[in-house]
Amino acid sequence: LKFNGAGDQLASGAYREVKLWRRSQNVKKMQLAGLEPPPRSVAVTADGKQAAIGEENGKIRLYDLATGQVVKVLEGHAGPVTALRYMTGNTRLVSVSMDKTMRVWNPADGQVVGQVESPAPLQSLAVVAEEKQIAVGGADNVIRLWDTAAVTAAPKPAEPTKAPAAPTAAPAAEDHPVRSLQRLHPLDVVEVAVVLHVVPHAVHVEIRRRAVAANHH
């Protein structure tokens, strides 16, 4: 057995025959309804069983992808939910919003287990360093890092991790804005991507075999 480079064809050999099999791609599986305002962000668990969709009104709807039904609505953000990420094990869901907050949720009971505030509206996020840190990109062109353990354990907003000071002998760099993580597709890190197509009060979901990892410059 052998897949081609694109991963959409499989060659198999037996009984003096070689057969080529083609896997369908970009197949629409279902339509998720029940959204109030237009969706702004989406994340899917690694096992493909649940999807989280962030709305313009700050709500996050959790869908069972086997039935297409809403299983829970997470409320707390006061602005559009701009990015979502499930963590390993699907026991934590991270969200950021234009209300300048990042929240860590327990999807099982819908409770917030951690929250931090930022000086600027938040537009993107990534879970990095083996999930020990959470990076968020703000509208002020600054990327801030928080320790995951501090966010979920501290009763008050955690302080962002400070970047090391630049050596005094180093030549001054050009004053370019810090590149935002907004270029990162919310689903680039999963093997099976769910692609969001916004229509009024609904979202079309397409299951794609492989996430696109290009143009992250």
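Just so it is clear, the model here is predicted, and its values are computed rather than measured. (Residues numbered from 1 in each chain as written. Predicted model: local features only at pLDDT ≥ 70, side-chain atom pairs only at ≥ 80, totals over all residues. Heavy atoms only, no water.)

The next thing to look at is the side chain of Arg61. With respect to the element layout, Arg61 can be found in strand β7 (residues 60-64). The class of Arg61 is buried, set by a relative accessible area of 8%. Separated by 2.4 Å, the side chains of Arg61 and Glu55 make a polar contact. If we ignore the near neighbours within four places in the chain, the residues touching Arg61 are Gly34, Leu35, Glu36, Ala51, Ala52, Ile53, Glu55, Lys72 and Val73. (Helix = DSSP H or I, 4+ residues; strand = E, 2+ residues; numbered from the N terminus. Buried < 20%, exposed > 50% of the residue type's maximum accessible area, 1.4 Å probe, protein only. Polar contact = N/O pair within 3.5 Å; in protein donor to acceptor, adjacent residues only side chain to side chain. Contact = heavy atoms within 4.5 Å.)

For Pro37, the location among the structural elements is in the loop between β4 (27-33) and β5 (39-44). A C-alpha to C-alpha distance of 6.2 Å links Pro37 and Glu55, two positions 18 residues apart in sequence. Sequence-distant contacts of Pro37, that is, excluding residues within four places in its chain, are made with Glu55, Glu56 and Asn57.

On to the confidence of the model for the protein. Per-residue confidence for the protein averages 77 on the pLDDT scale, and 71% of its residues sit at or above 70. Ranking the elements of the protein by mean pLDDT puts strand β16 (residues 193-199) last, at 41, and strand β10 (residues 93-97) first, at 98. The low-confidence segment residues 166-217 (pLDDT under 50) makes 102 contacts with residues lying over four places distant or belonging to another chain. (pLDDT = per-residue confidence, 0-100.)

Once that is clear, we can look at the pairing of strand β15 (residues 143-147). Each regular strand carries side chains that alternate between the two faces of the sheet. Of the two faces of β15, only the one carrying Arg144 and Trp146 is buried; Ile143, Leu145 and Asp147 on the other face are not. With 5 bridges joining them, strand β14 (residues 133-138) and β15 adopt antiparallel strand pairing. For Gln133, the partnering residue across the bridge sits in β15 and is Asp147. Between β14 and β15, which pair antiparallel one after the other, the connecting turn spans 4 residues, and Asn141 there sits at a positive phi close to 65°. (Pairing = 2+ DSSP bridges.)

Now for the pattern of salt bridges. Applying the stated criterion across every chain, the model contains 4 salt bridges. Its salt-bridge partner being Arg61, residue Glu55 comes within 2.4 Å of it at the nearest N-O pair. Summarising the burial analysis for this pair, Glu55 and Arg61 share the class buried. Salt-bridge contacts for Asp140 lead to Arg144; the nearest nitrogen and oxygen are separated by 2.8 Å. (Salt bridge = Lys/Arg side-chain N within 4 Å of Asp/Glu carboxyl O.)

Below, the discussion takes up the environment of Val116. Tracing the chain through its elements places Val116 in strand β12 (residues 111-117). Taking the C-alpha atoms as reference points, Val116 and Trp146, 30 residues apart in sequence, are found 8.8 Å from one another.

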